[in-house]
Number of protein chains: 4
Amino acid sequence: MAGNKESKKEELVQKRSVQILEAAARVFAQKGYHAATTKEIAAQAGVSEGTIYNYFQSKEDLLLSIPRLISETTLLPPLTQIQATPTTSGEEEEKLLIIVLDKAFQTFQHNVDFLKVLFSALPTMDEETLEEYLRRTPLHLTQVLEEFLRIRIAQGVYRPMDTTVLARAFMGMIMIFMLTQEVLPGKRVFASVDYKAIGREIVQLFLHGVLAHPGQGEVA
Amino acid sequence: MAGNKESKKEELVQKRSVQILEAAARVFAQKGYHAATTKEIAAQAGVSEGTIYNYFQSKEDLLLSIPRLISETTLLPPLTQIQATPTTSGEEEEKLLIIVLDKAFQTFQHNVDFLKVLFSALPTMDEETLEEYLRRTPLHLTQVLEEFLRIRIAQGVYRPMDTTVLARAFMGMIMIFMLTQEVLPGKRVFASVDYKAIGREIVQLFLHGVLAHPGQGEVA
Amino acid sequence: MAGNKESKKEELVQKRSVQILEAAARVFAQKGYHAATTKEIAAQAGVSEGTIYNYFQSKEDLLLSIPRLISETTLLPPLTQIQATPTTSGEEEEKLLIIVLDKAFQTFQHNVDFLKVLFSALPTMDEETLEEYLRRTPLHLTQVLEEFLRIRIAQGVYRPMDTTVLARAFMGMIMIFMLTQEVLPGKRVFASVDYKAIGREIVQLFLHGVLAHPGQGEVA
Amino acid sequence: MAGNKESKKEELVQKRSVQILEAAARVFAQKGYHAATTKEIAAQAGVSEGTIYNYFQSKEDLLLSIPRLISETTLLPPLTQIQATPTTSGEEEEKLLIIVLDKAFQTFQHNVDFLKVLFSALPTMDEETLEEYLRRTPLHLTQVLEEFLRIRIAQGVYRPMDTTVLARAFMGMIMIFMLTQEVLPGKRVFASVDYKAIGREIVQLFLHGVLAHPGQGEVA
DNA sequence: TATGAATGAGACTTCATTCAT
DNA sequence: AATGAATGAAGTCTCATTCAT
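Residues numbered from 1 in each chain as written. Chains lettered and ligands numbered in written order. Predicted model: local features only at pLDDT ≥ 70, side-chain atom pairs only at ≥ 80, totals over all residues. Heavy atoms only, no water.

1. Comments concerning the interface of chain A and chain B
Between chain A and chain B, the contact holds 68 residues from the first and 68 residues from the second. Between chain A and chain B, a total of about 6,400 Å² is buried, with carbon and sulfur atoms accounting for 68% of that surface. For chain A, the biggest contributors to the area lost against chain B are Arg168(A), Val210(A) and Leu211(A); these three give 12% of the whole. Where chain A touches chain B, the interface holds zero salt bridges. Across the chain A-chain B interface, the total number found is 17 residue pairs in polar contact (both at pLDDT 80 or more). Secondary structure elements with two or more residues in the side of chain A that touches chain B: α1 (2-31), α6 (90-110), α7 (112-121), α8 (127-135), α9 (142-154), α10 (163-183) and α11 (195-208) of chain A. (Contact = heavy atoms within 4.5 Å. Buried area = accessible area lost by both parts, 1.4 Å probe. Salt bridge = Lys/Arg side-chain N within 4 Å of Asp/Glu carboxyl O. Polar contact = N/O pair within 3.5 Å; in protein donor to acceptor, adjacent residues only side chain to side chain. Helix = DSSP H or I, 4+ residues; strand = E, 2+ residues; numbered from the N terminus.)

2. Description of the relation of the copies chain D and chain C
With an RMSD of 0.2 Å, chain D superimposes on chain C once it is rotated by 179° and translated 0.0 Å along the axis. On the angle and the small slide along the axis, the relation comes out as a two-fold axis. Among all residues of chain D, the minimum C-alpha distance to the rotation axis is found for Gly209(D), at 2.0 Å. (Least-squares fit on C-alpha atoms with pLDDT ≥ 70 in both.)

3. A closer look at the protein's contact with DNA strand F
For DNA strand F, the set of nearby residues contains 29 residues, the closest of which are Tyr53(A), Thr51(B), Arg16(D), Thr51(D) and Tyr55(D). Within 4 Å of the protein, atoms of DNA strand F come from sugar and phosphate in 67% of cases. Within the backbone of Ala36(C), one N or O atom sits 3.1 Å away from a phosphate oxygen of DNA strand F. Note that a base nitrogen of DNA strand F is positioned 3.2 Å from one of the side-chain N or O atoms of Asn54(D). Elements supplying a minimum of two residues to the surface near DNA strand F: α3 (49-55) of chain A, α3 (49-55) of chain B, α3 (49-55) of chain C together with α1 (2-31) and α3 (49-55) of chain D. (Near = heavy atom within 4 Å.)

4. Looking at the protein's contact with DNA strand E
For DNA strand E, the set of nearby residues contains 28 residues, the closest of which are Arg16(A), Thr51(A), Tyr55(A), Thr51(C) and Tyr53(D). Expressed as a percentage, the sugar and phosphate content of the atoms of DNA strand E within 4 Å of the protein is 69%. Contact distances for DNA strand E include 3.2 Å between a base nitrogen and a backbone N or O atom of Gly50(C). Between DNA strand E and Tyr55(C), the relevant distance is 3.1 Å, taken from a phosphate oxygen to a side-chain nitrogen or oxygen of the residue. Counting only elements with at least two residues in the surface near DNA strand E, the list comes to α3 of chain A, α3 of chain B, α3 of chain C together with α3 of chain D. In the surface near DNA strand E, the residues fall into eight nonpolar, 14 polar and six charged. (Nonpolar A, V, L, I, M, F, W, Y, C, P; charged D, E, K, R; others polar.)

5. A closer look at the nonpolar core
Here is a general trend for soluble globular proteins: nonpolar side chains tend to be buried in one another's company. Membership of the largest hydrophobic core comes to 149 residues, with the highest contact counts inside it found for Phe28(A), Tyr158(A), Phe206(A), Phe28(B), Tyr158(B) and Phe206(B). Look past the residues within four positions of Phe28(B) in its chain and what remains in contact with it is Tyr33(B), Ala36(B), Ile41(B), Lys59(B), Leu62(B), Leu63(B), Ile66(B), Val117(B) and Ser120(B). Membership of the second largest hydrophobic core comes to 148 residues, among which are Ala121(C), Ile174(C), Leu141(D) and Met173(D). (Core = buried A, V, L, I, M, F, W, Y, C linked by side-chain atoms within 4.5 Å. Buried < 20%, exposed > 50% of the residue type's maximum accessible area, 1.4 Å probe, protein only.)

6. Description of the relation of the copies chain A and chain B
In the superposition of chain A on chain B (RMSD 0.2 Å, axial shift 0.0 Å), the rotation amounts to 179°. Most of the interface of chain A is mirrored in chain B: 100% of its interface residues are interface residues there too.

7. Thoughts on the interface of chain D and chain C
Facing the 68 residues of chain D at the interface are 68 residues of chain C. Counting the surface lost from both chain D and chain C, the interface buries some 6,400 Å², and carbon and sulfur atoms represent 68% of this. Interface area lost by chain D to chain C is led by Arg168(D), Val210(D) and Leu211(D), which between them contribute 12%. Between chain D and chain C we count 18 residue pairs in polar contact (both at pLDDT 80 or more) in total. Secondary-structure elements contributing two or more residues to the side of chain D that touches chain C are α1, α6 (90-110), α7 (112-121), α8 (127-136), α9 (142-154), α10 (163-183) and α11 (195-208) of chain D. When the residues that make up the side of chain D that touches chain C are grouped by side-chain class, the tally is 35 nonpolar, 21 polar and twelve charged.

8. Remarks on helix α10 (residues 163-183) of chain C
All names here are of chain C. Helix length check: α10, at 21 residues, gives a terminal C-alpha distance of 28 Å against a target of 30 Å (1.5 Å per residue), a fit within 8%. By the criterion of burial, α10 is predominantly enclosed, with 19 of the 21 residues buried. The N-cap of α10, judged by a side-chain oxygen 2.9 Å from the amide nitrogen of Thr164 a few residues on, is Asp162. (Expected span 1.5 Å × (residues − 1).)

9. Describing the packing of helix α4 (residues 59-69) of chain C against helix α7 (residues 112-121) of chain C
All names here are of chain C. Interaxial distance between α4 and α7 falls to 11 Å at its minimum, and their mutual angle equals 150°. Here α4 lies roughly antiparallel to α7, going by the angle between them. The way α4 lies across α7 gives a crossing that is left-handed. Seen from α4, the contacting residues are Leu63, Ile66 and Pro67; seen from α7, they are Phe114, Val117 and Ala121. Across the contact of α4 with α7, the residue classes tally to six nonpolar, no polar and no charged. (Axes fitted to C-alpha atoms, helices over the stretch in contact; angles between N-to-C directions. Parallel < 35°, antiparallel > 145°, perpendicular 65-115°, else oblique. Left-handed = near helix turned anticlockwise from the far one by under 90°.)

10. As for the pattern of salt bridges
All told, the structure shown has 28 salt bridges over all chains when counted by the stated rule. A salt bridge links Arg136(B) to Glu132(B); the shortest N-O distance between them is 2.9 Å. Placement of both Arg136(B) and Glu132(B) in helix α8 (residues 127-136) is noted, with a separation of four residues, approximately one turn of the helix. Linking Arg150(C) and Glu147(C) is a salt bridge whose minimum nitrogen-to-oxygen distance equals 3.0 Å. Linking Arg150(C) with Glu147(C), this pair stays in helix α9 (residues 142-154), spanning three residues, or about one helical turn. Each of Glu132(A), Arg135(A) and Arg136(A) takes part in a single network of salt bridges with overlapping partners.

Below, the structure written as structure tokens:
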């Protein structure tokens, strides 16, 4: 009985804590960390300013705690699934990669606010906090992707290349679309493109390159 | 005489103005727009706080004026130069693209502080200011690149693809390295790679893709 | 039965009230009245913050109630005892006074926390509260001492002097040692001396003065 | 010329700094350190709250800086003067001591606010600050007095006694009158006495003690 | 009766901006 | 034109007190 009460209380504390943290993330994303005020966070959370400090030590503590909100993003399932099936045709590979890309775009889109907070607070963050953030960021998937590339190369499906550069370049192609379409508030500068179409083109580029006659200039 | 004096005065005003603006850009880049103080900007510029307000209306005015410092970045010369010579072999194209990439990396590197300012002040900027910033950003080169791609496709050197997506994806590959190597202060998360090597790999990927046997699965 | 229950309840209330009050006195003494927080008092008392307000109206009420903790200090027993026996020799008087002094030091030492509370809250106290405090303070013994002095003078044991000044001066000699040895946290400034030794010297001074040849310069 | 301007400016800074510090001391003395607000200090100083922070780092810095206001109090001149003239009669000695006492009372009276600040902030002060305060306090004269007593004993004017205890006891007699007449706001508890009278009585007590027939009970 | 989460007034402090010199 | 002291609005945070459970 008492235990029940205890756990109920803990649950409430947890709930309130998340409620405030989400409000903070929202306001941080919208106004930027420094321009955000505890007053507005409190309003967004539907509590008084004082209440914030019953759950967090400071405004900075809110910033540091935001990563806790986000479960570590992962593309692992789809990627490891693909690793298991070495493809024999380019078409087959394309289909698989498009699945991965879709998943990546979804993850990014889901975490756009998180990215905005990260960007707005960048100069303030110490290295430790930054890493904590990056760990929850799809950027971090680069390492998973690298492992996948190594396997594909070993399988002879991909040419031998620098996997570090390759993986990061691939993420870069994804990220720039998130940046230009989701993060940068002015959508007027960059035309918005449908993610399905983007996915197809990126995969094409990634697999085949742009050359019309690939046989020529092949690398030794 | 009077005119001379006039112009000399204007010149001085111009000089002082730039001196302050550069200090502001430096401090904004380092601390972030909101965390930066006019006091520190004044110190960096070697003037008093009051003097800033003889040249700029407000702290925000400094932010808005920073783009004036940067001549609109352009890859136009190398790109248009390349356009003029339709290549016949992949090798030849590689050499040309590497030149372009080097130039792009240099431009980005030169503007890292500018990018940092942009990122730190993103949530504060109105759309107009944002565009003003983006115009000075290598990101903006996407449009130039797009034009180049259209020509190459017309020349039959590149396959027909969506040039908007293609150009932006290419910039994304450049940008993610700038981001991970120059902007993000924690260099521990992402291994640092030499730009020459990056350039070569990106061009390889861009031209040929990753597939070991490109003949297969070729797009129709 | 009901009455029994009633009285039991009252007893409990009394107990809880004292428990809180003692905690408050402890914390007030340590941190000073204003720097002390109800939170810490609650923790010290082993109750919740809310409970404090079931027994006391406010933090200030705690301050006002602390004197209730202290029974009015009194040196009356030893002093009246002494009064009864007019001494004939200085040696005899010395012995008696040393007993009084010991008792006074003990009383002071026992009330050091009380004194600290008084000092820390002095500027906040209204005159009434201050008097309530002073009444529980050994300082208040001055009046008792004065009566003793009057009697000794009447007995011809002491010279005729201003008893008000004399009594207070005597208390001052006691108090400065309490102050320098117990209240002032920095024990480095004033060397600590054993109270027995202090007692002997003070009594010597009080009875005989410092002059080596008292016969000379005697007051008329 | 420039130097003149410089020094004028420095002088102004010095002036403003003192102006604020004196206001702070006044408010601290009246309300106690913790209950005092920067708002009231600013009002008392006739400046805005922000201005305080152009001269002091924090409210605590004000507390730490207050001793700077007070030149180190000293009774040295009168005491060393007396030392030079070993007295032969008690009457002579009385006259000299009364001068010293008057000076001491004046010093104390002049520093009453300072003492109040010290008392109010006692629990907050670290040892270093406390010492800084005590150094400006007449309490500190104990050491000077002690030296005087040693000499008088060596001169054979005073009996051999523990000078540490003796000196402090003497200061205690002075201090308790300052405490009861100047520091404790309620003057109702202790009757106020004229300092001249107090001085005479204290000196009497100090030199001759209270015994009517000092020849008896003399110490061996 | 006991609890402790919620409150909000108010404290300290920062900093962009002004203005007399 | 340059200075930098003064300003005061606004921000972060604390804490005595309340009240639903």
